[in-house]
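Fold and geometry: a report
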Amino acid sequence: MSQYNVLNGLKVRYLSADPPSPENGEVWYNSSAVRVEGVAGTGAWASGGSAPAGLSGGSMAGNNTDAMMWGGDTGGPPGAWPRTSYHYNGSSWTSDGTIPIAVNVTGQAGVGHTTAIMWGGNTPPGGQAAKTFEYNGSSWTAGGDLNQPRRYAYLTGAGPQTACIAMGGNPSLAKHENYNGSSWTAKTDFPSGANSIYGIGTQTATLGVSGNNGTTASWDGSSWTGIPSTLNNNRQYGAAGGANSNSAYVFGGGSSSAVELYNGTSWATQPSMSRARDNGGGSGISSNALIAGATYGNTSVEQFTIPFGTATISSS
Amino acid sequence: MSLFIYGTATNTGKDFFTHQDRLDFFLAGYPGNVWVVGNNEKGAVWLANKNGITKTKEEAQAIVDAEITAAQEDWDATSEEFKEINHRPINIVLP
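Residues numbered from 1 in each chain as written. Chains lettered and ligands numbered in written order. Predicted model: local features only at pLDDT ≥ 70, side-chain atom pairs only at ≥ 80, totals over all residues.

Turning our attention to the overall build of chain B. Helix and strand counts for chain B come out as four helices and four strands. Helices and strands in chain B line up, N terminus first, as β-α-β-β-α-β-α-α. Seen along its three principal axes, the alpha-carbon backbone of chain B occupies a region of about 45 × 30 × 20 Å. Here chain B holds 95 residues, and the buried ones make up 27% of them. Across chain B, every contact between residues at least 6 apart in sequence was considered, and the portion connecting residues at least 24 apart equals 66%. (Helix = DSSP H or I, 4+ residues; strand = E, 2+ residues; numbered from the N terminus. Buried ≥ 20, exposed ≤ 12 C-beta atoms within 10 Å, placed from the backbone. Contact = placed C-beta atoms within 7 Å.)

Take a look at the structure:
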């Protein structure tokens, strides 16, 4: 479980409104509501607004109140794959931008729909697996090319648009590189190559999780340290999200609806999604705002929250 | 008494099932709009409120089987490239 003093120090923050994506265990004083508030309770997955399409290998960035979804395979020829990206506001989806190329299974990152970023992916025939594209709220534009082409980037990635992390991809890559908003820089390889490596956190506090074999390691900005593997394998083509390497969720993959949380020490089973999700995308920059995307032939979306708790402090 | 109620209902999206629903009773969704919910008052009320149609376990399983079979046939007919990034749908046995 997240520890308040580790996440936020010992002072209770004085805020005029609730923070947008608080972590489980976080406490603050809401001066408008005149009370102490915090996140504490039992998390669960609820249904979200149905996606405009159920595609294979769509990608997603953001969280369950501000997400972007793009790309994906209709099962037909690539020329028929959709290029419209969609913005989710917590309840419904709206067309928002056109991706430059028809692509599926791209890398993905970004904290919200106006800062989504994608790289690599599958664009038959030929492919542009080294390309990066950034969204600015109105259009997708080219960023710096990857050093390592990542065809089938498999929903990897973490961090904001100007400081994101790429790992894994076809064929079974361990290559790791970081983006600074204009160019990618090669870093130390992840300990295990995989088509599907989930990245959670920031460039200096990353959790890498192999969707193929469960190998898990944390990155502190300079080196990888092995930590316990996930409880359930194989999670290939699942999704991940969370705040940092001490608060990281993996969910779905294969025929699984199972969810796990890493708290900095160990993995623990969390409330499961209502149904298995394979190759459906998913993201979340906070432990309290995960979103699991639509899958091939299934437009349903689920979102994870942990409810607020409140306490009123009286002088008497 | 069975542990579960079986039925079909169309997922209408947001708030089709809520955070509180998930805390109140078991709920799992399957292909064919099949839902399995805990056999308690709240589970039964949820299915009724969603205009759900109650099925026997065997009926629900048959719906899921038909959906999976169709999905498997669909998958078998797709390109090798599609198969490379999509698992073949597996058979599901309802709880």
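That shown, we press on.
For the rest of this paragraph, the subject is the interface of chain A and chain B. On the side of chain B, 22 residues touch chain A, which itself brings 30 residues to the contact. At four residues, strand β4 (residues 44–47) of chain A tops the list of elements feeding residues into the side of chain A that touches chain B.

As a further point, take the sheet that holds strand β10 (residues 117–119) of chain A. All names here are of chain A. The sheet built from four strands is open, its strands ordered β9-β10-β11-β12 with antiparallel pairing. The open sheet has two edge strands with one neighbour each: β9 (107–109) and β12 (140–142). Here the strands of the sheet are splayed against their neighbours by 20° on average, with no regard to which way each runs. One ladder, built from three bridges, connects β9 with β10; its direction is antiparallel. Its bridge partner being in β10, Gly107 is matched across the sheet by Trp119. (Pairing = 2+ DSSP bridges. Axes fitted to C-alpha atoms, helices over the stretch in contact; angles between N-to-C directions.)

Here we take up the domain arrangement of chain A. Interfaces are often sized by the accessible area lost when the parts come together. Residues and elements named next belong to chain A. Per the domain assignment, the segments making up chain A are domain 1 (4–41 + 306–311) and domain 2 (44–305). In this structure, domain 1 and domain 2 have C-alpha centres spaced 28 Å apart. Of the residues lining the interface, seven residues belong to domain 1; the matching set on domain 2 comes to nine residues. When grouped by side-chain class, the residues that make up the side of domain 1 that touches domain 2 number four nonpolar, two polar and one charged. (Domains from an automatic or database assignment. Nonpolar A, V, L, I, M, F, W, Y, C, P; charged D, E, K, R; others polar.)

The next thing to look at is the nonpolar core. Looking at soluble globular proteins, one finds that nonpolar side chains tend to be buried together. In terms of nonpolar packing, the biggest core is built from 88 residues, with Met68, Met69, Ala240 and Tyr249 of chain A together with Val37 of chain B touching the most fellow members. Not counting chain neighbours up to four residues away, the residues in contact with Val37 of chain B comprise Phe4, Ile5, Phe25, Phe26, Leu27, Gly43, Trp46 and Leu47 of chain B. (Core = buried A, V, L, I, M, F, W, Y, C linked by C-beta atoms within 7 Å.)

All names here are of chain B. Assignment of secondary structure puts Asn40 in the loop between β3 (34–38) and α2 (41–49). Here Asn40 falls in the partly exposed class, since 15 other C-beta atoms lie within 10 Å of it. A C-alpha to C-alpha distance of 16 Å links Asn40 and Phe17, two positions 23 residues apart in sequence.

Residues and elements named next belong to chain A. In this structure, Thr74 sits in the loop between β6 (66–70) and β7 (84–88). Taking C-alpha positions, Thr74 is 8.0 Å from Gly54, a pair spaced 20 residues apart along the chain. Apart from residues lying up to four places away in sequence, Thr74 is in contact with Leu55, Ala80, Trp81 and Pro82.

Attention now moves to the sheet that holds strand β24 (residues 282–283) of chain A. Residues and elements named next belong to chain A. Overall, antiparallel pairing links the four strands, which are arranged β4-β26-β25-β24 in an open sheet. Edge strands, defined here as strands with exactly one partner in the open sheet, are β4 and β24. Strand direction decides the pairing type here: β4 and strand β26 (residues 302–305), joined by four bridges, are antiparallel. Each bridged residue has a counterpart across the sheet, and for Trp45 the counterpart in β26 is Phe304.

The next point concerns the pairing of strand β14 (residues 176–179) of chain A. Residues and elements named next belong to chain A. Looking at chain direction, strand β13 (residues 165–167) and β14 are connected through three bridges and run antiparallel. Counted as the bridge partner of Ile165 is Asn178 from β14. Here β14 pairs with strand β15 (residues 184–187) via four bridges, running antiparallel. Its bridge partner lying in β15, Glu177 is registered against Ala186.

Because each turn of an α-helix spans 3.6 residues, side chains separated by three or four positions end up pointing in the same direction. All names here are of chain B. Within the sequence span of α2, burial applies to Gly43, Trp46 and Leu47. The arc that holds the buried residues of α2, viewed along the axis, is 95°, so those residues lie on one side. Facing away from the buried side of α2 by over 90 degrees, the exposed positions are Glu41 and Asn49. Buried-residue contacts for α2 involve β1 (4–8), α1 (19–24), β3 and β4 (53–55). (Arc of directions from axis to C-beta.)

Moving on to unusual backbone geometry. A cis geometry characterises the amide bond from Asn170 of chain A onward to Pro171 of chain A, with omega recorded as 0°. With respect to the element layout, Pro171 of chain A can be found in the loop between β13 and β14. Notably, Asp15 of chain B is not glycine yet its phi reads approximately 70°, a positive angle. Take Asp15 of chain B: it is sitting in the loop between β1 and α1. We classify Asp15 of chain B as partly exposed; it has 13 C-beta atoms within 10 Å. Its identity is not glycine, yet Asn33 of chain B carries a phi of approximately 60°, on the positive side. Looking at the element boundaries, Asn33 of chain B is found in the loop between β2 (27–30) and β3. On the basis of neighbour count, Asn33 of chain B is assigned to the partly exposed category, with 17 C-beta atoms found within 10 Å.

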